[in-house]
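Secondary and tertiary structure notes
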Amino acid sequence: MTMSARQAVIPITLEERQQRLSNLQQCLAVFELDAVIISPGASMRYLFGLTWRETERLVCAIVSAHTTVFVCPKFEDTALLAALPTPHDCAWWEEHENPRSVVSAVLAEHQCQRVGVDPNCSFGQAHALANATQAQITSAGPILQSLRAQKSPSEIALMQAAKSLTLDVHVAIFGWIKPGMRKSDVTAEIDRLHRLGGADNGSFFCAVQFGEGTSHPHGVPGDPVLAEGELILIDTGCTIEGYHSDITRTYALEKQDGRVETLWSLEKDAQAAAFDAATIGRPCGEVDAAARAVLEKSGLGPDYQLPGLPHRTGHGIGLDIHEGPYLVRGDDTPLASGMCFSNEPMIVVPGHYGIRLEDHFYMTDVGAKWFTEPQLSLYAPV
């Protein structure tokens, strides 16, 4: 197995981040906003490269049309200034002060009345901000999704590195796993292989399910042992420079009965139908409908009824493992070049087993392109 995800990785450049910030500032008027408050999380990393996480101490960036001001505890000033790739104005607050008052003062100084708040900001922080300012507070979700949904070539390259690494991990596990192993054994080995391959912090997540456990979309508590002849479902991913992979394989080490083989093939057909439906300009929800039509034609469902598909066909992916837009009924976002999605129309037979094949694709000007090739057969994960 060859895993060298880090060898050719090129981090997001300063120039690209500066262009992202400029794009946000230019879009404010279109979304009828005077400013956006960016909290620690994916959007702060997207714009400024900061990997901070939200705590009870308020840290945020206030982005208006012509300026950016960071609000931060004074005792963290050296950490923030060292982490920022370019200088920005800063408003500091001491431990006994109310940081929301500082935010309110900055908004008033720059005459910002219509303010969008990062949807990753906690309710507690957002509620306190709304009470502290006279500004009209709304969600910055639509403007941030409009910027982040269409990935640049450099973002797609980072996701390709992450997904290729995770696929290599799946291949290695298929050759290694055997009856008698516990779920925890497999989870630990997947994490080790992700770390060995250069992932940011090993596995970002890992769901390992055997037998009847595969019928629970994200598993159930416990540490089961793989028995002879049981179906195996492994859903795992990692990050490279913060960009996610998320790949599922369902396979067996021994011959399965005809019903399992038939449903596995039907799952593959549904995944292929979703991929074929992903064309430029088509609403995201129609991709979900294409997968469900394949399943319903064979007597599964309809809708979310079981046996059948209990969840959406796919989700956007990038700096968040699940981000908009989504391949689900009601999401009318037109597919556009640079959008990236999971494709995972799972089949669940309650009390017996579940089959999920999950790969990702990104949109190009001429249609969808796989990051990773779909699983070959029930008995071979690639």
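Keep in mind the model is a prediction, meaning the values are calculated, not measured.

Let's shift gears to the packing of aromatic side chains. The final tally for this structure, using the stated rule, is seven aromatic pairs. Taken together, a centroid distance of 4.9 Å and an interplanar angle of 70° make the contact between F48 and F70 edge-to-face. Separated by 22 residues along the polypeptide, F48 in helix α2 (residues 42-48) and F70 in strand β3 (residues 68-73) bring together distant segments of the chain. F70 matches F48 in its accessibility class, with the two residues each being buried. Between Y362 and F371, the ring centres sit 4.7 Å apart and the planes meet at 55°, which makes this aromatic pair tilted. One exposure class covers both Y362 and F371, and it is buried.

Moving on, we get to the sheet that holds strand β5 (residues 114-117). Strand order in the open sheet formed by six strands is β4-β3-β2-β1-β5-β6, and the pairing between neighbours is mixed. Taken across any chain shown, the strands that pair with only one partner, and hence form the sheet edges, are β4 (89-93) and β6 (136-139). Going across the sheet, the axis of each strand differs from the next one's by a mean of 25°, ignoring polarity.

In a soluble, globular protein the nonpolar side chains are often hidden away together inside. Membership of the largest hydrophobic core comes to 54 residues, with the highest contact counts inside it found for F48, I173, I177 and V186. The element that contributes the greatest number of residues to this core is helix α7 (residues 153-176), accounting for eight residues. Once you skip the residues sitting within four places of it in the chain, F48 turns out to touch R17, L21, A61, V63, T68, F70, P85 and H88. Grouped together as the second largest cluster of nonpolar side chains are 34 residues, A149, A252, A291 and L327 included.

What follows deals with the environment of C112. Within the element layout of this structure, C112 appears in the loop between α4 (99-109) and β5. On the basis of relative accessibility, which here comes to 3%, the residue C112 falls in the buried class. For the pair C112 and Q134, spaced 22 residues apart in sequence, the C-alpha separation works out to 9.6 Å. When near neighbours in sequence (up to four residues on either side) are disregarded, C112 contacts D34, A35, S64, L107 and A135.

To continue, consider the side chain of S104. Structurally, the position occupied by S104 is in helix α4. S104 gets classed as buried once you look at its relative accessible area, which sits at 18%.

The next point concerns the sheet that holds strand β8 (residues 232-237). One open sheet accounts for three strands, arranged β7-β8-β11; its pairing is antiparallel. Strands with a single pairing partner mark the edges of an open sheet, and in this sheet they are β7 (205-210) and β11 (247-251). Recorded for the sheet is a direction-independent mean angle of 5° between the axes of neighbouring strands. Bridge count between β7 and β8: six bridges; the pairing is antiparallel. Its bridge partner being in β8, Q209 is matched across the sheet by L233. The sheet contacts of α7 involve β8 and β11, and relative to β11 the element is tilted by about 20°. Contacting β7 and β8, helix α8 (residues 183-196) crosses the sheet at an angle of about 145° to β7.

Another point: the packing of helix α9 (residues 258-277) against helix α10 (residues 284-297). At a minimum axis distance of 8 Å, the contact between α9 and α10 shows a crossing angle of 150°. On the basis of their axis angle, the class for α9 and α10 is roughly antiparallel. Pair α9 / α10 crosses with right-handed handedness. Residues L266, D269, A270, A273, A274 and A277 of α9 form the contact with α10, whose participating residues are E286, V287, A290, A291, V294 and L295.

Within the structure shown, the criterion is met by 18 salt bridges. Linking E56 and R57 is a salt bridge whose minimum nitrogen-to-oxygen distance equals 3.8 Å. On the basis of relative accessibility, which here comes to 62%, the residue E56 falls in the exposed class. Using a relative accessible area of 31% as the deciding quantity, one classes R57 as partly exposed. Among the ionic pairs, R249 bridges to D359, the shortest N-O distance being 2.8 Å. Of this pair, R249 sits in strand β11 while D359 sits in strand β17 (residues 359-364), and the two are 110 residues apart along the sequence. Overall, the relative accessible area of 0% leaves R249 in the buried class.

Each value, and the rule that gives it
- Positions within a chain are numbered from 1, following the residues in the order the chain's sequence is written.
- Only residues with pLDDT of at least 70 are given local features in this predicted model, and only at 80 or more are side-chain atom pairs given and counted; all residues enter the totals for whole chains, interfaces and linings.
- To get the side-chain values, all heavy atoms of the structure are used, and hydrogens and water are removed first.
- Here a Phe, Tyr or Trp ring, Trp counted by its six-membered ring, pairs with any other such ring whose centre lies within 6.5 Å, and the pair is stacked when the planes are under 30 degrees apart, edge-to-face when over 60, and tilted otherwise.
- Strands are runs of DSSP state E lasting at least two residues, helices are runs of H or I lasting at least four, and both sets are numbered from the N terminus onward.
- The rule is simple: take the accessible area with a 1.4 Å probe, protein chains only, and divide by the maximum for that residue type; under 20% is buried, over 50% is exposed, in between is partly exposed.
- At least two bridges found by DSSP between two strands are what make those strands a pair.
- Note on geometry: axes are C-alpha line fits, over the in-contact stretch for helices, and angles between N-to-C directions span 0 to 180 degrees.
- The set of buried Ala, Val, Leu, Ile, Met, Phe, Trp, Tyr and Cys residues whose side-chain atoms join them within 4.5 Å is what this entry labels a nonpolar core.
- Contacts are residue-level and defined by heavy atoms, with any inter-residue pair within 4.5 Å sufficient.
- These descriptions rest on fixed angle ranges, namely under 35 degrees for roughly parallel, over 145 for roughly antiparallel, 65 to 115 for roughly perpendicular, and the rest for oblique.
- Take the far helix as your reference; a near helix turned counterclockwise from it by less than a right angle gives a left-handed crossing, and one turned clockwise gives a right-handed crossing.
- Definition used for salt bridges: Asp or Glu carboxyl oxygen within 4 Å of a side-chain nitrogen of Lys or Arg.

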